[in-house]
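Summary of the model geometry
Listed below are the residues making up each chain.
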Amino acid sequence: MASLLCRGIQAPLLNYAASTLFRRNRTTFYCAVHASKTGTAKQETQQPSPIKFSPHRRNKALYDILKDFEVIIGIETHVQLSTLTKAFCGCPYNYGSQPNTTICPVCVGLPGALPVLNAKVIESAVKIGLALNCKLSLKSKFDRKQYFYPDLPKGYQISQFDIPIAQGGYLDLDIPLEFGGGHKRFGITRVHMEEDAGKLLHSGNGSYSQEITFSISASPPTPTPTPHQQKGICLFSDINLQVDLNRAGVPLLEIVSEPDMRTGIEAAEYVAELQRLVRYLGVGNGNMQEGSLRCDVNISVRPIGQLQFGTKVEIKNLNSFSSVNRAIDYEVSRQVQLISEGQGAEIVQETRLWEEGSQKTITMRKKEGLSDYRYFPEPDLPEVNITEDYIDRLRGSLPELPEMKRRRYEEMGLSMQDVLFLANDVNVAGFFDATVANGAEVKLAANWIMGDIAAYMKNEKLSITDIKLTPDQLAELIASIQGGTISGKIGKEILSALMAKGGTVKAMIEEKDLVQITDPSEIEMMVEKILLDNPTQLEQYRGGKTKLQGYFAGQVMKASKGKANPGLLNKILLEKLNAKS
């Protein structure tokens, strides 16, 4: 165990004004660390150089090197719950608030401050447990997980150890077609409730940065080793450390998977499915960029046919689905290379950080064991007791979940590509369902949402809840095109206006006189005029350049302002073009 001796710590009186900071300025840290326990990025330079792939050869090279190895992947996912107040006090939490403005004696661990459990945390945990097909514990309890870190003011985290709220479940998902497709089921070991820690902020000039990772970098004060240094004690100075405790006490659910994943793609899709599940249930927003959904990936490799697991390495600092995939690819290649070179002993149980810039993992610290945390029951909180009636009531309140929705969409005749797109976002799925409920044909509704509407949202950086178009108006637009009232081209123009400004299809058609021209005589007159105005092109067409039909059709559509019925136009145009002069 590392011991920490501090002197020169500035400790201003605690207040709850917006400017409150927890500072350690120009602090001298004497850190006695056993050589086997050190965990800095500097150690990385002492290891064999990692395998390198050029971007266009990465997938093939990874495939070649893995032929004789099996990858074992498990994931611990922390889901931040969107409760109005924190887990054990009445403080709210709003992402981006000024540092230390939403805290109280419970948050900062002041003596005598007692926690009171937020009932909404239990409700969210039960909903997640049910959605993950878990067995729920009618009696569970909280425990103290003890470790030292500057962002943990109490010196322990309130969590659950041996009796979690839920365990023994599974999660079903569909792999996208571009990654091979297929249906997968991954086991869920457990779901437990806990509280979040604060956030460490550090900079050299005293200003705040949004960095989460805590790092210390300084040179020894003298070139000559002191007696302390000779004993393995390192000396750091001139450090400015700031702690924002707004996030301390925010409720989390930790979801631990079985080691069932075998590729980075499967792992990334598993995390994406958990994000969908959380959003469908409404228990959290799942925004990885805000830290509302964080995952730690555990990876080991073993020769194919070997039953014993390899040495497990944990990877942190993964803030996107793509980084999960890329970090796993890198770490797998690193471990396989070491084993292939006879240096498998270099793989140790440790926590590593994913560096987005360098696209590699680096050592953070050696992995703690359960005994290091010294778990024991939380004495300030009673047991959590729930009843079968309570569980049944929550089960009845669950919405249609992503897996159920995908299967229903398949039964409606949609392709897997359509199914995965529509079910990916709960709001898009709701918009689609409402459009179909208003009478739109299933495939046409899917095509409009996945095509023009999705393109508009992407260009304008909007969600489907931000656009002015409503499901009933999309259904009316589709019906107007199918009924021949307007053409598809006019329909696209109306759709753009509806998404930007709102309104109704009927009013827009009448206001701009967009009703489709379906009178054959009127279209015939326009065709004859276009042919009369373009004698050269007409002669070329009749001389064999039949592709000029598109030119004439375009001229007629231009003259009609896009209102000529396309089918009727092409029929009349062909008759006139092929008529004997």
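Report follows, based on the coordinates. (Residues numbered from 1 in each chain as written. Predicted model: local features only at pLDDT ≥ 70, side-chain atom pairs only at ≥ 80, totals over all residues. Heavy atoms only, no water.)

1. A closer look at the nonpolar core
- Judged by nonpolar contacts, the single largest core of 78 residues is most densely connected at I75, I128, L132, V191, M193, I255 and Y270.
- The leading source of residues in this core is helix 4 (residues 264–281), at eight residues.
- If we skip the residues at most four places from it in the chain, Y270 touches I75, T77, L171, L173, F186, I188, I255, S257 and M261.
- A475, I478, I509 and L514 belong to the second-largest nonpolar core, a separate cluster that totals 39 residues. (Core = buried A, V, L, I, M, F, W, Y, C linked by side-chain atoms within 4.5 Å. Buried < 20%, exposed > 50% of the residue type's maximum accessible area, 1.4 Å probe, protein only. Helix = DSSP H or I, 4+ residues; strand = E, 2+ residues; numbered from the N terminus. Contact = heavy atoms within 4.5 Å.)

2. Describing the sheet that holds strand 5 (residues 135–136)
- Taken in spatial order, the nine strands make up an open sheet running 5-9-10-14-4-15-16-17-18, and their pairing is mixed. One side of each edge strand has no neighbouring strand; the edge strands of this open sheet are strand 5 and strand 18 (360–366).
- With three bridges joining them, strand 16 (residues 313–318) and strand 17 (residues 350–355) adopt parallel strand pairing. Across the sheet, residue E314 finds its bridge partner in strand 17, namely T351.
- The strands that helix 8 (residues 402–411) touches are strand 9 (166–174) and strand 10 (183–195); relative to strand 9, the one it contacts most, it runs at about 30°. (Pairing = 2+ DSSP bridges. Axes fitted to C-alpha atoms, helices over the stretch in contact; angles between N-to-C directions.)

3. Here's the deal with the environment of K154
- As for its position among the elements, K154 is in the loop between strand 7 (143–146) and strand 8 (156–159).
- Considered as a pair, K154 and L110 are 44 residues apart in the sequence and their alpha carbons are 7.7 Å apart.
- Beyond its immediate sequence surroundings of up to four residues, K154 is in contact with G109 and E195.

4. Regarding the side chain of Q80
- As for its placement among the helices and strands, Q80 is situated in strand 4 (residues 69–80).
- Sequence-distant contacts of Q80, that is, excluding residues within four places in its chain, are made with Y93, D196, R247, V250, P251, L252, V283, G284, G291, S292 and R294.

5. A look at the packing of aromatic side chains
- Under the defined criterion, the tally for this structure stands at eight aromatic pairs.
- An angle of 85° between the planes, with centres 5.6 Å apart, marks the rings of F88 and F142 as edge-to-face. Remark: F142 occurs in the loop between strand 6 (139–140) and strand 7 and F88 occurs in the loop between strand 4 and helix 2 (119–131); sequence separation between them is 54 residues.
- Taking relative accessible area as the criterion, F88 reaches 4% and is therefore assigned buried.
- The rings of Y147, F161, Y373 and Y375 are connected pair by pair, giving a single aromatic cluster.
- The positively charged end of R185 is found above the aromatic ring belonging to Y170, 3.8 Å away from the centroid. (Phe/Tyr/Trp six-rings, centres within 6.5 Å; stacked < 30°, edge-to-face > 60°. Lys NZ or Arg CZ within 6 Å of the ring centre and 35° of its normal.)

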